[in-house]
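One-letter residues, chain by chain:
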Number of protein chains: 4
Amino acid sequence: MARTAGSHGPKTLEAINRAGLRLIYEHGFEAMSLRQLAAEVGIQVGSLYNHIRTKQDLLFGLLQSHMETLLAALDQALAGESGPERRLAAFAAFHVDYHIVRKEEVFICYSELRSLTPEQYPVIVDLRRHYERRLIDILEDGARAGCFAVADAAVTAYGILALLTGVCTWFRPGGRMSAADVAALYTDMALKSVKI
Amino acid sequence: MARTAGSHGPKTLEAINRAGLRLIYEHGFEAMSLRQLAAEVGIQVGSLYNHIRTKQDLLFGLLQSHMETLLAALDQALAGESGPERRLAAFAAFHVDYHIVRKEEVFICYSELRSLTPEQYPVIVDLRRHYERRLIDILEDGARAGCFAVADAAVTAYGILALLTGVCTWFRPGGRMSAADVAALYTDMALKSVKI
Amino acid sequence: MARTAGSHGPKTLEAINRAGLRLIYEHGFEAMSLRQLAAEVGIQVGSLYNHIRTKQDLLFGLLQSHMETLLAALDQALAGESGPERRLAAFAAFHVDYHIVRKEEVFICYSELRSLTPEQYPVIVDLRRHYERRLIDILEDGARAGCFAVADAAVTAYGILALLTGVCTWFRPGGRMSAADVAALYTDMALKSVKI
Amino acid sequence: MARTAGSHGPKTLEAINRAGLRLIYEHGFEAMSLRQLAAEVGIQVGSLYNHIRTKQDLLFGLLQSHMETLLAALDQALAGESGPERRLAAFAAFHVDYHIVRKEEVFICYSELRSLTPEQYPVIVDLRRHYERRLIDILEDGARAGCFAVADAAVTAYGILALLTGVCTWFRPGGRMSAADVAALYTDMALKSVKI
DNA sequence: GATGAATGAGCATTCATTCAT
DNA sequence: AATGAATGAATGCTCATTCAT
């Protein structure tokens, strides 16, 4: 009796990715079992292997596609903005917003780096470096233009990124502040932190 | 042939804690096996159970003793300081410094919260809240005194904590900046981020 | 995209048999997977079942058709020969030659008997007995005619068969001796082994 | 509840080896499952791993210790014999006898060579070559002494070995001939096969 | 005749934990 | 306090086979 209702083809892969993301976020990659995943998707364990090559590859695919989507979204967000201050504000607002909306992806992309193989690891870290580079560039431009006080652009960027990223560990929708409020507050803090 | 070198008495527990910390930091709690741990310590797996009750308890003990040490150290660091600005600076400098020196403990205390049982979890989270509370108090004092611009003391505190904590994911001794340099830079950024 | 090159019609079955033979010879029946086989043939696993009923049947078919071909070839080789000595020599030369040329079939026919079902097993073993019978008859004729010294025709036949069959485990074309050299040497040894 | 009655320490390893040998002989290495093996021994599957490193290593250990025992036994059997004819007769009688008594070890040592890893394979094959070398030496000595007709000592040796080894595929105790009868018959055939 | 996705059983191996010695 | 052997459950993965398309 092959083929259960409602689970054919690429929809299954989508479902696997969605459920995989949630389970890794919730329990961690090591702690998530393919049995859990299969149950969530509504198929047998063995059937997973019609869609993924290994558990390891599932993780890598998730991280890679997250990083690529993130980078593309950032570039779009920065597209219209010019001037270091406006660009920094746009970066901060975008980052907070994205990290609230996609907190699962963002979280596992930080926490599961160590679960990658030696081959996969540098690929993701490199994509991350591209992302960080955008912020470092903004800070360096601002420093040259004399509008930011930046002792070390990279270290400052890591600080700002950490400040903005923290949001995905504590923010819960429906709390005291809206996502927009938080974005505004943190954008303000980020800007002030590099003020002359 | 009982008793291999280096494994007698209370020293063994110490060795277990030290090795456990390192292994959890490196591979994550779920991914670390007691077999690895025993091998690292130089005893057989079964012997671990003369020193710990369960794997779970090992984790809890590590996190709990870390949080208690951290809190005590913070109180000592803030002891002589008065005035919101000086207290905030002292907090920031202490936090960065501690998070560089004890990065393993700090890291697993963030990343392995989810591996705790429902009974253990609130104990650690509560200790953490005490730590955060110190910073929130400083910010609220500063806001009341009119020297800090703080829209929401808790959210601002989370931001500053994230900014300062980030250090333990990227700092490597021997890099471009010394620990003291980084502490100074991040203290400055933290102070400016709440400037009026 | 149905139908990849090289996989239409009855040619596919041929390709399956050829690849199956090679894979069983190389890895053993149990160790060969239908996935490997399908990949070798250039079709999907499911498609195999348009040509074979089960993996088990593939093995049986291979062994059965091998044994039938072998028997027919033997009868042809013995056709013109008369007299125990000439018939024994003809048998030995044929056996060595065939076992060099078709060593895969021969090998799996010995080694995979145990992978047959209780229904299939006696069919193949019976065909084998027919083959052995030819040699036993020659030996008994020779004994009766007083030209062979044979204590027990069956046991002697098993010995000669083993001697001649061994060739398929070590013979490599291009070695010190040609196939014809080996056939001559072993024929000679077989004849001498039953000399009065 | 650790430790079931009757299964402690090195006795368990012995039991594993004994049962492993039987199961590999019966079903082949690939087809034997560690579940079967554990059941046979009367322990849980996981407990096997207190005694063997992997399934693969079990096979290797069996083959290696068989070959070493075989070699030692051969040397002992040849110890007192001198002269090519007497030595060949001693070799043949020993070989047949050993291959009847230890047919399981002998059989799997032939049939499971292909299940060895690339590292294990040459170790066993090398031991085998040492064994074959003993026979080749005898034949070469005999040829030099003018008492054997040997066109190619190695190829002749392979033939004789095959002739003698065959016994382990068909001999059943209690049949028409005793082990001693078969040994005598095959020793005679082997000697005659190289007669001048 | 071929495909791709499914099934369910099975595999070798690892794990935390227990306990007689 | 340490060992070594046991347990039983779990893990990631593979397999022969089925079948709607």
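Residues numbered from 1 in each chain as written. Chains lettered and ligands numbered in written order. Predicted model: local features only at pLDDT ≥ 70, side-chain atom pairs only at ≥ 80, totals over all residues. Heavy atoms only, no water.

An unreviewed UniProt entry annotates chain A as HTH-type transcriptional repressor KstR2 originating from mine drainage metagenome.

Novice: What should I look at first to understand the relation of the copies chain D and chain C in this one?
Specialist: In this arrangement, two copies of a chain are superimposed by a rotation about an axis accompanied by a shift along the axis. The transform that puts chain D on chain C rotates by 180° and translates by 0.1 Å along the axis, for an RMSD of 0.1 Å. Put plainly, the chains are arranged around a two-fold axis. A shared binding surface is used by both copies, with 100% of the interface residues of chain D retained as interface residues in chain C. (Least-squares fit on C-alpha atoms with pLDDT ≥ 70 in both. Contact = heavy atoms within 4.5 Å.)

Novice: What exactly am I supposed to notice about the interface of chain D and chain C here?
Specialist: Frequently, the measure chosen for interface size is the accessible area removed from exposure when the parts meet. The partner chain C presents 33 residues to the 33 residues of chain D that form the contact. Each partner contributes to the roughly 2,500 Å² buried at the junction of chain D and chain C, and carbon and sulfur atoms together form 63% of this total. Of all residues in chain D, Arg114(D), Val155(D) and Lys192(D) bury the most surface against chain C, accounting for 25% of the area lost on that side. Where chain D meets chain C, there are 4 salt bridges. A salt bridge links Arg114(D) to Glu112(C), with the nearest nitrogen and oxygen atoms 3.5 Å apart. If you look at where chain D meets chain C, you find 12 residue pairs in polar contact (both at pLDDT 80 or more). Of all the secondary structure elements, the ones that give two or more residues to the side of chain D that touches chain C are α1 (10-27), α5 (103-111), α7 (153-165) and α9 (179-193) of chain D. Per-element tally for the side of chain D that touches chain C: the top contributor is α7(D), with 8 residues. In terms of residue class, the side of chain D that touches chain C is made up of 18 nonpolar, 7 polar and 8 charged. (Buried area = accessible area lost by both parts, 1.4 Å probe. Salt bridge = Lys/Arg side-chain N within 4 Å of Asp/Glu carboxyl O. Polar contact = N/O pair within 3.5 Å; in protein donor to acceptor, adjacent residues only side chain to side chain. Helix = DSSP H or I, 4+ residues; strand = E, 2+ residues; numbered from the N terminus. Nonpolar A, V, L, I, M, F, W, Y, C, P; charged D, E, K, R; others polar.)

Novice: Help me understand the side chain of Asp152(B), please; the structure alone is not making it clear to me.
Specialist: Relative to the assigned elements, Asp152(B) resides in the loop between α7 (121-144) and α8 (153-165). Assessed through its relative accessible area of 12%, Asp152(B) is described here as buried. A polar contact is formed between the side chain of Asp152(B) and the backbone nitrogen of Val155(B), at a distance of 3.0 Å. Discounting chain neighbours no more than four positions away, the residues touching Asp152(B) are Arg176(A) and Met177(A). (Buried < 20%, exposed > 50% of the residue type's maximum accessible area, 1.4 Å probe, protein only.)

Novice: Looking at this model, I keep getting lost on the domain arrangement of chain A. Mind explaining?
Specialist: Residue and element names in this part refer to chain A. When cut into domains, chain A gives domain 1 (1-52) and domain 2 (55-193). Each of domain 1 and domain 2 was reduced to a C-alpha centroid, and the two centroids are 29 Å apart. The interface of domain 1 with domain 2 comprises 13 residues on the first partner and 12 residues on the second. When domain 1 packs against domain 2, close to 1,300 Å² is buried across both sides, 76% of that on carbon and sulfur atoms. It is Leu 21, Tyr 25 and Phe 29 that lose the most area in domain 1 upon contact with domain 2, and together they represent 57% of the buried surface on that side. (Domains from an automatic or database assignment.)

Novice: Mind showing me how you'd approach the pattern of salt bridges here?
Specialist: Any two side chains of opposite charge can pair, given that their charged atoms come close. Under the counting rule described, the total for this entry stands at 56 salt bridges over all chains. A salt bridge links Arg22(D) to Glu26(D); the nearest nitrogen and oxygen atoms lie 2.7 Å apart. With Arg22(D) and Glu26(D) both in helix α1, this residue pair falls 4 residues apart, about one helical turn. Linked through salt bridges whose partners overlap, the residues forming this network are Arg22(A), Glu26(A) and Glu40(A).

Novice: Looking at this model, I keep getting lost on the packing of helix α1 (residues 10-27) of chain B against helix α6 (residues 103-111) of chain B. Mind explaining?
Specialist: Two quantities define a packed helix pair, namely the angle between the axes and the distance from one axis to the other. Residues and elements named next belong to chain B. Relative orientation of the contacting elements α1 and α6 amounts to 55°, with a least axis distance of 9 Å. In this view, α1 runs oblique relative to α6, as classed from their interaxial angle. In the packing of α1 onto α6, the handedness of the crossing is left-handed. Note on element contacts: α6 touches α1 through Lys 103, Glu 104, Glu 105, Phe 107 and Ile 108, opposite Leu 21, Ile 24 and Tyr 25. Its residues assigned to classes, the contact of α1 with α6 shows 5 nonpolar, no polar and 3 charged. (Axes fitted to C-alpha atoms, helices over the stretch in contact; angles between N-to-C directions. Parallel < 35°, antiparallel > 145°, perpendicular 65-115°, else oblique. Left-handed = near helix turned anticlockwise from the far one by under 90°.)

Novice: Please clarify how the confidence of the model for chain A should be interpreted in this entry.
Specialist: Detailed conclusions should not be drawn from predicted coordinates in areas where pLDDT is low. Summing up the model confidence of chain A, the mean pLDDT is 94 and the portion of residues at 70 or higher is 96%. For residues 1-7 of chain A, every residue scores under 50 in pLDDT, and the model assigns this stretch 2 contacts once sequence neighbours within four places are set aside. (pLDDT = per-residue confidence, 0-100.)

Novice: Just checking my understanding: could you explain the side chain of Arg128(A) for this structure?
Specialist: Structurally, Arg128(A) is set in helix α7 (residues 120-144). Those residues in contact with Arg128(A) that sit more than four places away from it in its chain are Met67(A), Cys109(A), Tyr110(A) and Leu113(A).

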